[in-house]
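# Remarks on the overall topology
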Amino acid sequence: MIKASSGVRNSAIRGKFSTLLLAGTALSIAAVPAHAQNTQPAESVEAEDDNENVIIVSGIRSSLASALAEKREADSLIEVIQAEDIGKLPDQNLAEVLENVTGVQITRTAGVGTGVQIRGTNDNRTAINDISTLGSGTGRGGINFEDINAAIISSVEVIKAPEAKTIEGAVGGTINLRTIRPLDITDQILSVRAQGEYSELSDSIKPRISASFGDVWDTGIGEIGIVLSGSYAEQEATSFRPRVDRDRVVLTGTSVTAAGAPGPNFDYLGIQFLNQELENFEFETINFAGTIEWAPSDNSKIFFDAIISDQERRQDSSRIQASGVSALRFNNVPDQFETVNYGSLDGVNLGSIEAALVGTIQPNLAVDDDDPNLRFSSDTGARVTDSQVYRLGGEWESGRFFVRAEASRATSTTTNPNLSTTLNFINPNALTPLDGSSNDNSVPFRYDLSGGALTFGIDFDSPFAPTIDQLLDPNNTVLDAVTASNNRTENAENAFRLDMSLDTEDLTPFITSFDWGYRYNKLSTDFSQLRSTFGTGAIANSPSGALFADLLVPGPDNFGEFDGRELAFRNFLLVDPNRSFSDRDAVFATLQGALDSTPGGQAAIAGGGRLLSDLDPNAASNLASSFAVDETTNSVYGQLNFETGPVRGNIGLRWVSTTIQSFGNNVANGVVSPVTSRGSYQEFLPRVNVVADLTDDIVLRASYGEDINRPDFNDLSLSVTFPTGPNNAVALGNPNLAPETVQSFDASLSWYFAPSSVLSVGFFHKKRTNLFVTQVEDALEDANGFRDITDPCEGGGIFNPVPDRNVLSNVPGNGLCVPLQTIINDTANTTQTGIEVAFQYDLSQFEDTLGFASGFGIIANYTYQDFGGGEATNENSGRGEDIFQAINPNITVPVTAVQGLLDFSPHAYNVTLYYEKFGLSARARYTWRDAFRTLDTAGGASLNSTLGFPTVTESRGQLNASITYDVTDYLNIGVEGVNLMKDEITQSCVNSGAQLCFQGLPDRRITFGATLSF
């Protein structure tokens, strides 16, 4: 149980947390944007003596009520999710837990929650015990949510309206993960939980184990408390992501059928590219949270926190590609068409066009003797991240004066070992003679995009079709591309803060206290690229699969498991992903040896080099891509806290001064020269929060605050990383980016109409200046679809020397012009306005009349938000311009649209029904979010292939549920399910409901297990 003891100043804070259940190994789903009626939770027992107020709590209702109570006591707008006994919900990481909060939506990778948006933005701050955390990359968002098991967290606080003492750096809000405080417990805690998670698509069961221990001892030198929480979890998540590009227009009268008959008398979109992607991720996560607190006297306390996370996220994904199909778009008229209505962008009606729906793509040797072609890619790699957060501090109180000092260090070190390979299939069918100059050879395809499903595969009815045995014969494959890397990112932050408070409650009419403080932090990131890549291009440099046959294995054949589709690529070879991961050096050496045996390989060796270089940190390409950034910030705040009658709150000012220095390398003619950039800025951030208890049941809240959003470190980088794909944009950093500033207004009205129940309505408005937006400059393609292969790129874009030109040039080799992407500050102000509605109702008060039915309850919330303003735009790609002009020759080009916010859904809601009685605890939650624009697409698609505009992920709902049962006072068993209805993800190009471009078919996961608590 938990206590609120007398003594040092934080006794008031302990009172707020007095209803936390520390035996829990998961979090409650309760979260409403209001403040609770100060009502004793149902099914709780209270006892009082001279020194403490002890509350024994259990169950869903107790955690819901205590979360409401804490939020109502707060002087700013916060959300709280508190620990619940035995963890009875189907949320296996913190992103999925946060999805229950009003105004919060999440994004998923292979069905697993990985990204969190608060009020429509990813620009939020994540802390543990208010200590900044660091992510695995070069961004600002903090620790990856999939890296933290909910088992080690006692509660989650989402701060939507900051106070002056709240650390800056959030647009939507600050997510503060809180661990158990040892001196808040009275009885020993010991809890062990064991689970297994079944992933349906990967057909695997992975273990999850967590445990918590806590105790307090009253010694001769004061109270000493310790809490230790740990977890070990494995997880496998699979998602199928088919991609179809229909971004090339075929004009009236320019096409014929495969049999030679004239094509249709209308313009249409032909098939440009087919890509069958299977994402498979295996997570192994170790988490530890430990805290020791020592109170040598009633007015002092010393504490030390350590939070350690060690995660390995392994990826063994595959991409099966039908490439070169556009070369035959004029000779393969589709059998069926559909009408694609692109809608309008910024008031410009784009109109409609016919698009390929069902058909085949047959080789035509008289037109093209080696297209279309079939490729097998294996992406094998990992993200290995070690994150650590340490905090040492103390508190001291004397009379009216309180002081708190703490020092902290957060680190995150990530390595990304990777070995990706691409094989080209050489069709041995006698109808397609090998010309000796290219890596591909005439494979027929069939596609059916009807019914909202992107299905395609080999057309086995064609006389050109290979047999299954031929597809699985290593002699019919050649090595096309190899990329090996082991990039490293090191992030660190050292911080010190001093917070002081003067109690003035009896000295002034309405000012209760004055808080002030200082914070220093130094943040650094260091990215080192270590990569070697090679694309063979010509057949002379492409070793036969027979030379490395021992590495080849059949690829996954379960692409239809999600929806039962029959049409798919099921017979192909991959470089063994298991060996590529576990014995990467040996696999690399075998592939390098195979390349050495080719004429091109021998020529390279004679010239003193090799086709595939060893990993060399001093290689010019690696030095040119590596960078470092150092940032130092000093901040000071002052805050007046007030209360008079029914009105309370705070008013304060925070001043922030930041200096930033960026380091990179410039490579010219093989000579590496270091470059640096330095800048600084200062900001004053006023913040006001007011709470008014209008009646015993109605609370009004209002707030105004300003904050800043600093650019990600990679967006400030002076170095350049060249991707390996010919369609991927090269991202250039912009060291001149200014921080974004945000003004926020909040108001809410909450009605606590019954115990543990609330109805609240909130309004928010944000004015954002210097919004970060992505700009892309396209690379020009001529009438044949070819790009410039020389530097500089006069037609737009930037020269990338790395990728295989593939079908984008009639000259084999590597290097061509690709799109150029950068981040700029929007020159105009942008706004976000929204309404949040939350409802919570518990029937336990009607136990005498409803009996067993009194165990039911409901939690629901809804968020509406609107984005406005902005001047920075996206514009159509070259292919998009061709399509829009084919629809309407008089349309003004380029077509542009204000970019707005990515991952921004105008509407979202979730509804949870729960039941708790007689030891049974059950809940079902349905979560729905509206469509949103995103750059997260299948198969590495770029803005060029999505016609120049971010993709729209269509609206989607998901049902999760759980049920647990208390077998005894010490043993609980349960089962939980995620994505029970197997809801798919669909993505459209240009606008919602327009052209279907991508699908996501994620896993259904079932978790079962038991918890022992002593």
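From a predicted model like this one, the values you see are computed outputs, not experimental measurements.

### What to know about the overall build of the protein
Scanning the protein from terminus to terminus reveals 11 helices and 55 strands. Expected size for 1014 residues packed as a compact globule is a radius of gyration near 31 Å; at 30 Å, the protein falls within 12% of this value. Counting only C-alpha atoms, the protein reaches 95 × 65 × 60 Å along its principal axes. Considering only contacts within the protein whose residues lie at least 6 apart along the sequence, 74% involve residues at least 24 apart. Just so you have it, the protein exposes about 36000 Å², and 55% of that area is on carbon and sulfur atoms. Distance between charge centres in the protein, computed from 66 positive and 127 negative side chains, equals 3 Å.

### Things to note about the confidence of the model for the protein
Of the residues in the protein, 92% reach a pLDDT of 70 or more, and the chain-wide mean stands at 87. Taken together, the stretch residues 1-58 has pLDDT below 50 and engages in 212 contacts with residues farther than four places along the chain or on a different chain.

### Remarks on the sheet that holds strand S7 (residues 125-128)
Strand order in the open sheet formed by five strands is S4-S9-S10-S7-S8, with mixed pairing between adjacent strands. Edge positions in the sheet fall to strand S4 (78-82) and strand S8 (131-132), since each has one partner strand and no second. Direction of pairing for strand S9 (residues 155-159) relative to strand S10 (residues 174-178): antiparallel, over a ladder of five bridges. Of the residues in S10, the one forming a bridge with Val 156 is Leu 177.

### Here we look at the packing of aromatic side chains
Under the definition given, this model contains 23 aromatic pairs. Ring plane angle 80° and centroid distance 5.1 Å describe the contact between Phe 266 and Phe 337, whose orientation is recorded as edge-to-face. Highlighted residues: Phe 266 in the loop between strand S14 (248-250) and strand S15 (268-270) and Phe 337 in strand S18 (residues 336-341), separated in sequence by 71 residues. For Phe 266, a relative accessible area of 28% puts it in the partly exposed group. The interplanar angle of 15° and the centroid separation of 6.4 Å between the aromatic rings of Phe 304 and Tyr 390 together place this pair among those described as stacked. Of the two residues, Phe 304 sits in strand S17 (residues 300-323) while Tyr 390 sits in strand S22 (residues 373-398), which places them 86 residues apart along the sequence. An aromatic cluster is built from Trp 751, Phe 753, Phe 839 and Tyr 841, whose rings are joined through pairwise contacts. Positioned over the ring face of Phe 932 is Arg 929, at 3.9 Å from the centre of the ring.

### Points about the state of the cysteines
Here a disulfide denotes a covalent bond joining the sulfur atom of one cysteine to the sulfur atom of another. The final tally for this structure, using the stated rule, is two disulfides. Disulfide pairing is shown between Cys 793 and Cys 817; the S-S distance is 2.0 Å. Given an S-S torsion of about -95°, the disulfide between Cys 793 and Cys 817 has left-handed geometry. One end of the pair, Cys 793, is in the loop between strand S39 (772-777) and strand S40 (798-804); the other, Cys 817, is in strand S41 (residues 814-818), with 24 residues separating them in the sequence. For the pair formed by Cys 793 and Cys 817, the shared burial category is buried. The residue that forms a disulfide with Cys 989 is Cys 997, at a sulfur-sulfur distance of 1.9 Å. Judged by the sign of its S-S torsion, about -135°, the cystine formed by Cys 989 and Cys 997 is left-handed. Judged by relative accessible area, which is 1%, Cys 989 ranks as buried.

### Some words on the pattern of salt bridges
Side chains bearing opposite charge may pair, as long as their charged atoms lie close to each other. Taken as a whole and assessed by the stated rule, the structure comprises 55 salt bridges. A salt bridge links Glu 293 to Arg 181; the shortest N-O distance between them is 3.2 Å. A residue pair is termed long-range when its members are at least 10 positions apart, and Glu 293 in strand S16 (residues 273-297) and Arg 181 in the loop between S10 and strand S11 (189-199) qualify at 112 residues. For the pair shown, Glu 293 and Arg 181 are each scored as buried. With its nearest N and O atoms 3.2 Å apart, the salt bridge here joins Asp 305 to Arg 181. Here Asp 305, found in strand S17, pairs with Arg 181, found in the loop between S10 and S11; they are 124 residues apart in sequence, far enough to count as distant.

Criteria and cut-off values
- Residues numbered from 1 in each chain as written.
- Predicted model: local features only at pLDDT ≥ 70, side-chain atom pairs only at ≥ 80, totals over all residues.
- Heavy atoms only, no water.
- Helix = DSSP H or I, 4+ residues; strand = E, 2+ residues; numbered from the N terminus.
- Rg over C-alpha atoms; globule rule 2.2 N^0.38 Å.
- Contact = heavy atoms within 4.5 Å.
- Areas by Shrake-Rupley, 256 points an atom, 1.4 Å probe, with all protein chains shown as cover.
- Lys, Arg positive; Asp, Glu negative; His and termini not counted.
- Charge placed at Lys NZ, Arg CZ, Asp CG, Glu CD.
- pLDDT = per-residue confidence, 0-100.
- Pairing = 2+ DSSP bridges.
- Phe/Tyr/Trp six-rings, centres within 6.5 Å; stacked < 30°, edge-to-face > 60°.
- Buried < 20%, exposed > 50% of the residue type's maximum accessible area, 1.4 Å probe, protein only.
- Lys NZ or Arg CZ within 6 Å of the ring centre and 35° of its normal.
- Disulfide = S-S within 2.5 Å.
- Salt bridge = Lys/Arg side-chain N within 4 Å of Asp/Glu carboxyl O.

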